[in-house]
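Structure at a glance
Spelled out from the first residue to the last, the chains are:
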Amino acid sequence: MFRSAHRFINLLKEVQHTFNLAYVFIAHDLASVYHMADRVAVMYLGQVVEIGETVELYSRPAHPYTQALLSASLPINPRDRKSEVILGGEVPSPLNPPSGCRFHPRCPLAFDRCKTEQPPLRSVAPDHAAACFLADELHGGGLPTPGPAAAHAETQPGRAGPVQAP
Ligand code: SF4
């Protein structure tokens, strides 16, 4: 975070505590969001795909999009090492969103059901919910490596193997 941005964030926090305010803070800089927010909602193509208490969501993301965002951001702790998840494809138009799970054309873990069915936002832990058919498996499972989760998906009724992002 740049020094001026850091100062601005600290000023916002100070004002918040002084006047007991609630903020809705919208940003792409996940380090700033972590610093500012008690609760976080991650949106993709106009829909909330994951929501939860900040520390819980950052430490145990349960949606592949959140995991990709976190993998591409600067680590909260500079000593942390992480491997970046590169998403394929382009962001589709929100005016003509993909069928099923809106993230499926870019998701490294997508399988057949994702193309036709929209996953509901459902709880994976107290104050933590994600809209992904694999949310339980991903919760606490680290970064989305297509291998283990996809292999698991193939063992579930109605689930096929992973599809390739275009
Ligand atoms: S695994 Fe399926 S439901 Fe989950 S985010 Fe990927 S495409 Fe969506």
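Note that this is a predicted model, so its numbers are computed, not measured.

Topic: the confidence of the model for the protein chain
Close reading of the predicted structure is inappropriate where its pLDDT is low. Counting all residues, the mean pLDDT for the protein chain is 82, and 78% of those residues have values of 70 or more. Mean pLDDT values for the elements of the protein chain range from 38 in helix H7 (residues 146-154) up to 98 in strand S4 (residues 128-130). For residues 145-166, every residue scores under 50 in pLDDT, and the model assigns this stretch 35 contacts once sequence neighbours within four places are set aside.

Remarks on the pairing of strand S1 (residues 39-44)
Burial along S1 is one-sided: Val40, Val42 and Tyr44 are buried, and none of Arg39, Ala41 and Met43, which face the opposite way, are. Linking S1 to strand S2 (residues 47-53), which pair antiparallel, is a turn of 2 residues; within it Leu45 sits at a positive phi near 50°.

Quick notes on the pairing of strand S3 (residues 122-125)
Two strands pair when backbone bridges link them, and S3 and S4 are joined in this way by 3 bridges, in the antiparallel orientation. Bridge assignment links Ala125 to a residue of S4, and that residue is His128. Adjacent in sequence and paired antiparallel, S3 and S4 are bridged by 2 residues, among which Asp127 carries a positive phi angle near 55°.

Notes on the nonpolar core
Within soluble globular proteins, side chains that are nonpolar generally end up buried alongside one another. Core analysis: the biggest nonpolar cluster contains 25 residues, and Val49, Ala130, Cys132 and Ala135 have the highest contact counts within it. Counting only elements with at least two residues in this core, the list comes to S1, helix H4 (64-72), S4 and helix H6 (135-138). Beyond its immediate sequence surroundings of up to four residues, Ala130 is in contact with Val49, Glu50, Ala62, His63, Leu121, Val124 and Ala135.

Thoughts on the sheet that holds S1
Ordered in space as S1-S2-S4-S3, the 4 strands form an open sheet in which the pairing is antiparallel. Both outer strands of the open sheet, S1 and S3, are each paired with one neighbouring strand and no more. With direction set aside, neighbouring strand axes in the sheet form an average angle of 30°. Taken strand by strand, H4 contacts S1 and S2, and its axis lies near 105° from that of S1.

Quick word on unusual backbone geometry
Both trends apply: most residues other than glycine have a negative phi, and most peptide bonds are in trans. Positive phi outside glycine occurs at Asn20, with the angle close to 55°. Structurally, Asn20 is set in the loop between helix H1 (3-19) and helix H2 (30-36). The class of Asn20 is exposed, set by 6 C-beta atoms lying within 10 Å. Of note in the backbone geometry, Leu45 takes a positive phi value of approximately 50° without being a glycine. Counting through the fold element by element, Leu45 comes out in the loop between S1 and S2.

The rules we used
- Residues numbered from 1 in each chain as written.
- Predicted model: local features only at pLDDT ≥ 70, side-chain atom pairs only at ≥ 80, totals over all residues.
- pLDDT = per-residue confidence, 0-100.
- Helix = DSSP H or I, 4+ residues; strand = E, 2+ residues; numbered from the N terminus.
- Contact = placed C-beta atoms within 7 Å.
- Buried ≥ 20, exposed ≤ 12 C-beta atoms within 10 Å, placed from the backbone.
- Pairing = 2+ DSSP bridges.
- Core = buried A, V, L, I, M, F, W, Y, C linked by C-beta atoms within 7 Å.
- Axes fitted to C-alpha atoms, helices over the stretch in contact; angles between N-to-C directions.

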